[in-house]
Amino acid sequence: ELSRKRSADPAAIEMLNLAERKQYETIWDRLEKQQPQCGYGQLGTCCRLCTMGPCRINPFGEEPTHGVCGATADTIVARNLARMAAVGSSSHSDHGRGAALLLKEVAIGKNKDYRITDVEKLKAVATRLGINTAGRSYLEIASDVADVAINCFGKQDEEPIIFLQKYMPKKRIERLKEIETMLFEKTGKKMGLLPRGIDREAVDILHRTHFGCDADPLSLMMQTVRCALSDGWAGSLIATEIQDILFGTPTIKTVKANLGVLDAEYVNIIIHGHEPILSEKVVEIALSEEMQEAARKVGAKGVNVAGLCCTGNELLMRQGVGIAGNELHSELAIMTGAVEAMVVDVQCIYPSLAKLSNCFHTQFITTNEQAAIPGAIHIQFDEEKANDIARKIVQAGIDAFPNRDKSKVYIPSNISNAIVGFSVEEILKILGGSVAPLVDAIAKGSIKGVAGIVGCNNVKVKQDLYHQELTKELIKRDILVIGTGCWAIGAAKAGLMDISAQGLAGEGLKAVCKALDIPPVLHMGSCVDCSRMLVLAGALAEHLDVDISDLPLVGSAPEWMTEKAVAIGTYFVGSGVPVHLWPAPPILGGPEVTKILTEGAKELLGGYFFIEEGPEATAKRMEEIILEKRTALGI
Ligand code: BF8
């Protein structure tokens, strides 16, 4: 039946059946209404950058072969992709900026609603950044850390961003410098790869893709890599590091995953979006005795908070809050009829949620000036009044409880256990303080290599199927799987982060996981926490004194859809990691761009993109890449 074609998740299948019966429109229905989707758009050869267009290039080599201005298919494809990466990088990095600015306010005593939770992490970050910690108060240190982070966004000199300088392994920095020099010598064109400022690299792309600027595919792609690197090694990294300082570095814990985390007897508040600055506060206030009591007064047993998407990942990693689902679950969660409030901030929030909430008593609450949605209730969030506003938000959920229509309530019982919280700090702790045991296991071959899987759900791919099957295929081949984002939620829902998943791993990986008492699939956090994977890769490379591109590491985003995923994929490529993508990105209409990203990048950067359809074929290719790297390392 239709629902089974749309999702591999039994809870989603049940809810999709319900949607069909009740005639609730879903994202899957809207995809159908969009068919056939524009072929030019899919190939990337449609240009809307000036009003002489829109222009389209014939993919079969016939006229029109150029845009009105003379742009070729490759120029158009490269400019479009660069803009995608700039938007993705901006989204992650703006998130990081918010964390840095809040840390500063807390450090100087201007914000009293937040505090520094992890002083040990603060000192570790400060030390890494070269900030003096001896004999200073933690607030003084925090103020300096915040200053260094804030400076990464807006500095105007030509030096690489400080966070990148201090976190990226020296060998990789050298390699990027060498490529810059080599490209200049070979082409006479300046093409920089080391990011100078986070904001600057995105603005640079906006400028160079303006009408009549950069038309050179290679130059455009190199700037795309530079901008993406400013995300991975600065914007996202700043978000991760400072959120750890403010809210605590994740530790290993067991959480519940899937729609079964909703409880019909409680006021259910779902937090959806990305920034823990909002979601941490809502959880703190919702779980306070005052709010639990308020919920009891309206006839509920209390307030139950669950997460969705990446803010859900932030909460499960740090607070052990249950996760209701990944991106394609957002409409389905509301359809349970048991959600009193869905509270959102920024990114990955369908505008459709407002209309759908109107079919129920659900309060769909937007909070952020960057994400206002028609039809939603807007409660403006303000960090300086965080406690009061969070109280107002939670109260709005509690007030909605008496309006719940019990006849509409249907919560699928599906729920899985997941062991989560694998920050780099926690991984090192399990390993006894250094990456050496992991390196040994890789050298011996009990673990062949490490695959990082990231990214979204994409309604064009059967929900979670690729995530689940690819993960299983990899662990079966003794490849340790780590990852973030909606993939991680998919893996958690499928039970792949439960200790019992050891049984699905190959003999070598299974033995290592048993010895360490961990699952073979590790949840490393939200999308900005892809930076944790970079830091781990950097630690492995430095331990072996090799470049990241020499390591048996490979990445995949098998159900990706957002521009943020373009930035993530590109910074892994720029850091030396081969990255699989499915669905294909809109580049295939530009043969030169495709060649640069799949072949040229391999030679230059060591990292490159490859496109492959189907979990088994992908796992096979990923294993081959890992084996190729192992052979080159002589192991
Ligand atoms: O922040 S929530 S849909 S974009 S993976 Fe993808 Fe999911 Fe969005 Fe990354 Ni996270």
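Here is a short report on the structure shown in this document. Here the structure is a predicted model, which means the values were calculated and not measured.

About the cut-offs
Throughout this description, residue numbers start from 1 for each chain and increase along the sequence as written. In keeping with the model being predicted, local features are shown solely for residues with a pLDDT of at least 70 and side-chain atom pairs are shown and tallied solely at 80 or more, while totals for entire chains, interfaces and linings include all residues. The basis for every side-chain value is the complete set of heavy atoms in the structure, and neither hydrogens nor water enter the calculation. Only nitrogen, oxygen and sulfur atoms count as donors, using a 2.8 Å cut-off from the metal that widens to 3.2 Å for Na, K and Ca. Water is left out, so coordination shells may look unfilled. Tetrahedral means four donors with every angle between 85 and 135 degrees, whereas square planar (four donors) and octahedral (six donors) require angles over 155 degrees between opposite donors and between 65 and 115 for all others; sites fitting neither are termed irregular. Every helix listed is a DSSP run of H or I at least four residues long, and every strand listed is a run of E at least two residues long, numbered separately from the N terminus. Here a residue counts as near a molecule or strand whenever at least one of its heavy atoms sits within 4 Å of it. Any N or O atom pair separated by 3.5 Å or less is treated as a polar contact, with the protein-specific requirement of one donor-capable and one acceptor-capable atom, and with residues adjacent in sequence counted only for side-chain atom pairs. For this classification, the nonpolar set comprises Ala, Val, Leu, Ile, Met, Phe, Trp, Tyr, Cys and Pro, the charged set comprises Asp, Glu, Lys and Arg, and every other residue, Gly included, is treated as polar. Here, a salt bridge means any side-chain nitrogen of Lys or Arg that lies within 4 Å of a carboxyl oxygen of Asp or Glu. The buried label goes to any residue with under 20% of its type's maximum accessible area, the exposed label to any with over 50%, and the partly exposed label to all in between, with areas taken from a 1.4 Å probe on protein chains only. Nonpolar cores were defined as sets of buried Ala, Val, Leu, Ile, Met, Phe, Trp, Tyr and Cys residues, with membership established by side-chain atoms within 4.5 Å. Contacts between residues were defined by any pair of non-hydrogen atoms, one from each residue, lying within 4.5 Å. A pair of strands counts as paired when DSSP detects no fewer than two bridges linking them. Axis definition: a line fitted to C-alpha atoms, over the contacting stretch in the case of helices. Angles run 0 to 180 degrees between N-to-C directions. Between 65 and 115 degrees an angle is taken as roughly perpendicular, under 35 as roughly parallel, over 145 as roughly antiparallel, and anywhere else as oblique.

1. Thoughts on the coordination of the nickel atom of the ligand
Logical step 1: Within the protein, just one atom coordinates the nickel atom of the ligand: Cys-310 (SG), at a distance of 2.3 Å.
Logical step 2: Around the nickel atom of the ligand, the 4 donor atoms are arranged such that angles at the metal cover 96 to 127 degrees; this shape is classified as tetrahedral.
Logical step 3: Within the secondary structure, Cys-310 sits in helix 14 (residues 309-319).

2. Focus on the site of the ligand
Logical step 1: The environment of the ligand is made up of 13 residues, and the closest members are Cys-310, Cys-348, Cys-456, Cys-486 and Cys-527.
Logical step 2: Contact distances for the ligand include 3.2 Å between an oxygen atom and a side-chain N or O atom of Lys-564.
Logical step 3: For the shell around the ligand, the elements supplying multiple residues, two or more each, are helix 14 and helix 21 (485-493).
Logical step 4: When grouped by side-chain class, the residues that make up the shell around the ligand number 7 nonpolar, 4 polar and 2 charged.

3. A short note on the pattern of salt bridges
Logical step 1: Counted according to the given criterion, the structure contains 51 salt bridges.
Logical step 2: The partner of Asp-147 in a salt bridge is Lys-104, with the nearest N and O atoms 3.0 Å apart. Placement of Asp-147 in helix 7 (residues 138-154) and of Lys-104 in helix 5 (residues 73-107) is noted, with a sequence separation of 43 residues between them.
Logical step 3: Among the residues examined, Asp-147 registers a relative accessible area of 35% and is labelled partly exposed.
Logical step 4: The salt bridge partner of Glu-241 is Lys-121, with a shortest N-O separation of 2.7 Å. Linking Glu-241 in helix 11 (residues 217-247) with Lys-121 in helix 6 (residues 119-129), this pair joins segments that are 120 residues apart in sequence.

4. Describing the nonpolar core
It is characteristic of soluble globular proteins that their nonpolar side chains tend to be buried jointly.
Logical step 1: Grouped together as the largest cluster of nonpolar side chains are 170 residues, with contacts concentrated most on Val-145 and Phe-163.
Logical step 2: The element best represented in this core is helix 11, accounting for 14 residues.
Logical step 3: Each residue touching Phe-163, except ones within four places of it in the same chain, is listed here: Val-125, Leu-129, Val-148, Ala-149, Cys-152, Met-168, Trp-233, Ala-234, Leu-237, Ile-238 and Glu-241.
Logical step 4: In terms of nonpolar packing, the next biggest core, distinct from the first, is built from 37 residues, Leu-16, Leu-308, Leu-332 and Ala-338 among them.

5. Looking at unusual backbone geometry
Logical step 1: Here Gly-53 and Pro-54 are connected by a cis peptide whose omega angle stands at 5 degrees.
Logical step 2: For Pro-54, the position within the fold is in the loop between strand 1 (46-47) and strand 2 (55-56).
Logical step 3: A cis amide bond, omega -5 degrees, links Glu-63 with the succeeding residue Pro-64.
Logical step 4: Its place among the elements puts Pro-64 in the loop between strand 2 and helix 5.
Logical step 5: Of note in this structure, Asp-464 is not a glycine but carries a positive phi near 70 degrees.
Logical step 6: For Asp-464, a relative accessible area of 0% puts it in the buried group.
Logical step 7: Even without a glycine there, the phi angle at Asp-545 is positive, about 55 degrees.
Logical step 8: With respect to the helices and strands, the residue Asp-545 is situated in the loop between helix 23 (530-544) and strand 14 (553-557).

6. Focus on the sheet that holds strand 11 (residues 449-453)
Logical step 1: Reading across from one edge, 13-12-11-14-15-16 is the order of the 6 strands in this open sheet, with parallel pairing throughout. Single-partner strands in this sheet number two, and they are strand 13 (521-523) and strand 16 (609-611). Each adjacent strand pair in this sheet contributes to an overall mean axis angle of 25 degrees, direction not counted.
Logical step 2: Pairing analysis gives 3 bridges linking strand 15 (residues 579-581) to strand 16, with the strands arranged parallel. Counterpart to His-580 in the pairing with strand 16 is Phe-610.

7. Quick word on the packing of helix 5 against helix 24 (residues 563-574)
Logical step 1: Two numbers describe how helix 5 lies on helix 24: the axes approach to 7 Å, and their chain directions differ by 95 degrees. Relative to helix 24, helix 5 is oriented roughly perpendicular. Where helix 5 abuts helix 24, its residues Leu-81, Met-84, Ala-85, Val-87, Gly-88, Ser-89, Ser-91 and His-92 lie against Glu-563, Lys-564, Val-566, Ala-567 and Ile-568.
Logical step 2: Here the contact of helix 5 with helix 24 is built from residues that sort into 7 nonpolar, 4 polar and 2 charged.

Honestly, it's all geometry; don't read function into it.
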